[in-house]
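Take a look at the letters that make up each chain.
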Amino acid sequence: MNKKEIHEALMNYKWMMNVLITKRQEMTGVSQAMVSKYGIEATLPSGSTPSDPVYYEIQRMERYDTHTKSLKWKVSFIQRHSTAITDIKDQIILDELLNGNTLRQISKDHHLSVAAVKRRKDRIIEDMYVNAESEQCLQT
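Described in the following lines is the structure provided in the data block. A quick note: this is a predicted structure, and the numbers were derived from the prediction, not measured. (Residues numbered from 1 in each chain as written. Predicted model: local features only at pLDDT ≥ 70, side-chain atom pairs only at ≥ 80, totals over all residues. Heavy atoms only, no water.)

### Considerations on the overall build of the chain
Argument step 1. Check the secondary structure of the chain and you find six helices and zero strands.
Argument step 2. Reading the chain from its N end, one meets helices and strands in the order α-α-α-α-α-α.
Argument step 3. The buried share of the chain, reckoned over its 140 residues, is 23%.
Argument step 4. Partitioning the contacts of the chain with sequence separation of at least 6, the portion at a separation of at least 24 is 76%.
Argument step 5. Accessible area of the chain: about 10,000 Å², with a carbon and sulfur share of 55%. (Helix = DSSP H or I, 4+ residues; strand = E, 2+ residues; numbered from the N terminus. Buried < 20%, exposed > 50% of the residue type's maximum accessible area, 1.4 Å probe, protein only. Contact = heavy atoms within 4.5 Å. Areas by Shrake-Rupley, 256 points an atom, 1.4 Å probe, with all protein chains shown as cover.)

### Quick notes on the nonpolar core
Argument step 1. Leu-10, Ile-78, Leu-94, Ile-124 and Met-128 are the most contacted members of the largest nonpolar core, which has 22 residues in total.
Argument step 2. The greatest single-element share of this core, amounting to five residues, is contributed by helix H6 (residues 114-139).
Argument step 3. Beyond its immediate sequence surroundings of up to four residues, Leu-94 is in contact with Leu-10, Ser-82, Ile-85, Ile-124 and Met-128. (Core = buried A, V, L, I, M, F, W, Y, C linked by side-chain atoms within 4.5 Å.)

### Some remarks on the environment of Asp-87
Argument step 1. Considering the arrangement of structural elements, one finds Asp-87 in the loop between helix H3 (53-81) and helix H4 (88-98).
Argument step 2. The sequence separation of Asp-87 and Ile-124 amounts to 37 residues, and the corresponding C-alpha distance is 9.5 Å.

### With respect to the packing of helix H1 (residues 3-11) against H3
Argument step 1. At a minimum axis separation of 10 Å, H1 and H3 run at an interaxial angle of 95°. Taken as axis vectors, H1 and H3 run roughly perpendicular relative to one another. For the pair formed by H1 and H3, the contact residues are Ile-6, Ala-9 and Leu-10 on the first element and Lys-74, Phe-77 and Ile-78 on the second.
Argument step 2. In the contact of H1 with H3, the residues fall into five nonpolar, no polar and one charged. (Axes fitted to C-alpha atoms, helices over the stretch in contact; angles between N-to-C directions. Parallel < 35°, antiparallel > 145°, perpendicular 65-115°, else oblique. Nonpolar A, V, L, I, M, F, W, Y, C, P; charged D, E, K, R; others polar.)

### Considerations on the pattern of salt bridges
Argument step 1. Within this structure, the stated rule accounts for seven salt bridges.
Argument step 2. With a closest N to O distance of 2.8 Å, Asp-90 and Arg-120 form a salt bridge. Of this pair, Asp-90 sits in helix H4 while Arg-120 sits in helix H6, and the two are 30 residues apart along the sequence.
Argument step 3. With a relative accessible area of 2%, Asp-90 lands in the buried category.
Argument step 4. In this structure, Arg-123 and Asp-90 form a salt bridge, with 3.9 Å as the shortest nitrogen-oxygen distance. (Salt bridge = Lys/Arg side-chain N within 4 Å of Asp/Glu carboxyl O.)

### Side note on H1
An α-helix turns once per 3.6 residues; consequently, residues spaced three or four apart project the same way.
Argument step 1. If you check which residues of H1 are buried, you get Ile-6, Ala-9 and Leu-10. Mapping the buried residues of H1 onto a view down its axis gives an arc of 100°, with all of them on the same face.
Argument step 2. Buried residues in H1 make contact with helix H2 (13-25), H3, H4 and H6.
Argument step 3. A distance of 3.2 Å separates the backbone nitrogen of Lys-4 from a side-chain oxygen at the start of H1, and that oxygen is part of Asn-2. (Arc of directions from axis to C-beta. Polar contact = N/O pair within 3.5 Å; in protein donor to acceptor, adjacent residues only side chain to side chain.)

### A look at the packing of H3 against H6
Argument step 1. In contact at an axis separation of 10 Å, H3 and H6 are set at 95° when each is read in the N-to-C sense. When the axes of H3 and H6 are compared, the pair comes out roughly perpendicular. Across the interface between the two elements, Phe-77, Ile-78, Arg-80 and His-81 of H3 pack against Met-128, Asn-131, Ala-132 and Glu-135 of H6.
Argument step 2. Residues belonging to the contact of H3 with H6 are distributed by class as follows: four nonpolar, two polar and two charged.

Structure (structure tokens):
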């Protein structure tokens, strides 16, 4: 991941976790409405798309898998590389960001300027990026 992707994952972490939790809970839901055909249309072949509801459900689940795999990967990236943050103030800022708080909320709660919180957020992103790069170098 580059720094911009780390920033986006960090800022969207709470949302991604909520999506993953919600999707896991609702996996048993109904996906598409099934409409019956009447008259002569019922005897005609449906054309290129199958009318099997199981087929549509499998397609929906495959789409779900591709979306959630990328979200899971981003969440696990943030979780793995959050250990690179050693400064206690940076850890507190990171926890606040992961809770979904904005920079302004964090600055107000911790009596810091928004610019100071932004600098710490940028340092957190840099530390995660360096940690990811060093981990990648060790694997090759």
